[in-house]
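Breakdown of the fold
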Amino acid sequence: MSDHETGGMPSDEDLSLPKATVTKMIAELLPTDVTCAKETRDLIIECCVEFIHLISSEANEICEQESKKTIAPEHIISALKRLGFESFTEEVESVLKDHKQQQKDRERKVNKMVECGLSEAELLAQQEALFAQSREKFRTAQQ
């Protein structure tokens, strides 16, 4: 039984995108002398939510057909193709590649912390000492 059948899914009214983020994205894409009405922004948000729902539903079907329990990026790409959004797949694959690289870079940073040879307590002590130095410099500068 799916989450939707058991009532685990939020209602459509609960699903949305952050209005401030969408407004910022719209403003970045429009020429400076063009504005976007609130009703237009809300319509764009509704369209985006519907698009996400459509893609995720199709990806879920693909996932179930493959007897998988987790939707993978490949399922999203397949869903885009099935639904006629082939032109989106190149950009999605590029973003996925960038995301994977960022994850590798993050893992390297975590490994650096592990490989530094200091315990978490020692690192926290160093951090507190740096904060104390910074506070002292700030106090001195204000006097």
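Structure's up top.
The paragraphs below set out a description of the structure included in this document.

Focus on helix 4 (residues 73–82)
Working note: α-helix, 3.6 residues per turn, so residues spaced by three or four point in the same direction. Among the residues making up helix 4, those that are buried are H75, I77, A79 and L80. At the exit of helix 4 stands G84, carrying a positive phi of roughly 90°.

Describing the nonpolar core
Ranked by size, the top nonpolar core spans five residues in total: I55, A59, I62, A79 and L80. Breaking this core down by element, the ones donating at least two residues are helix 3 (38–65) and helix 4. Ranked by residues supplied to this core, first place goes to helix 3 with three residues. Setting aside anything within four residues of it in sequence, one finds I62 in contact with H75, S78, A79 and R82.

Concerning a negative patch on the surface
A cluster of acidic residues, E90, E91, E93 and D98, forms a negative patch on the protein surface. Summarising the element assignment, D98 is placed in helix 5 (residues 86–115).

Examining the packing of helix 3 against helix 4
The geometry of a pair of packed helices is captured by two quantities: the angle between their axes and the separation between those axes. One way to put it is that helix 3 packs onto helix 4 with a least axis distance of 8 Å and a crossing angle of 110°. It follows from the interaxial angle that helix 3 and helix 4 lie roughly perpendicular. Where helix 3 crosses over helix 4, the handedness of that crossing is right-handed. Taken together, the residues of helix 4 that come into contact with helix 3 (itself represented by F51, I55, E58, A59, I62, C63 and Q65) are H75, I76, S78, A79, L80 and R82.

Cut-offs used in this document
- Residues numbered from 1 in each chain as written.
- Predicted model: local features only at pLDDT ≥ 70, side-chain atom pairs only at ≥ 80, totals over all residues.
- Heavy atoms only, no water.
- Buried < 20%, exposed > 50% of the residue type's maximum accessible area, 1.4 Å probe, protein only.
- Helix = DSSP H or I, 4+ residues; strand = E, 2+ residues; numbered from the N terminus.
- Core = buried A, V, L, I, M, F, W, Y, C linked by side-chain atoms within 4.5 Å.
- Contact = heavy atoms within 4.5 Å.
- Patch = residues over 30% accessible without salt bridge, like charges linked within 9 Å, V, L, I, M, F, W, Y side chains within 5 Å.
- Areas by Shrake-Rupley, 256 points an atom, 1.4 Å probe, with all protein chains shown as cover.
- Salt bridge = Lys/Arg side-chain N within 4 Å of Asp/Glu carboxyl O.
- Lys, Arg positive; Asp, Glu negative; His and termini not counted.
- Charge placed at Lys NZ, Arg CZ, Asp CG, Glu CD.
- Axes fitted to C-alpha atoms, helices over the stretch in contact; angles between N-to-C directions.
- Parallel < 35°, antiparallel > 145°, perpendicular 65-115°, else oblique.
- Left-handed = near helix turned anticlockwise from the far one by under 90°.

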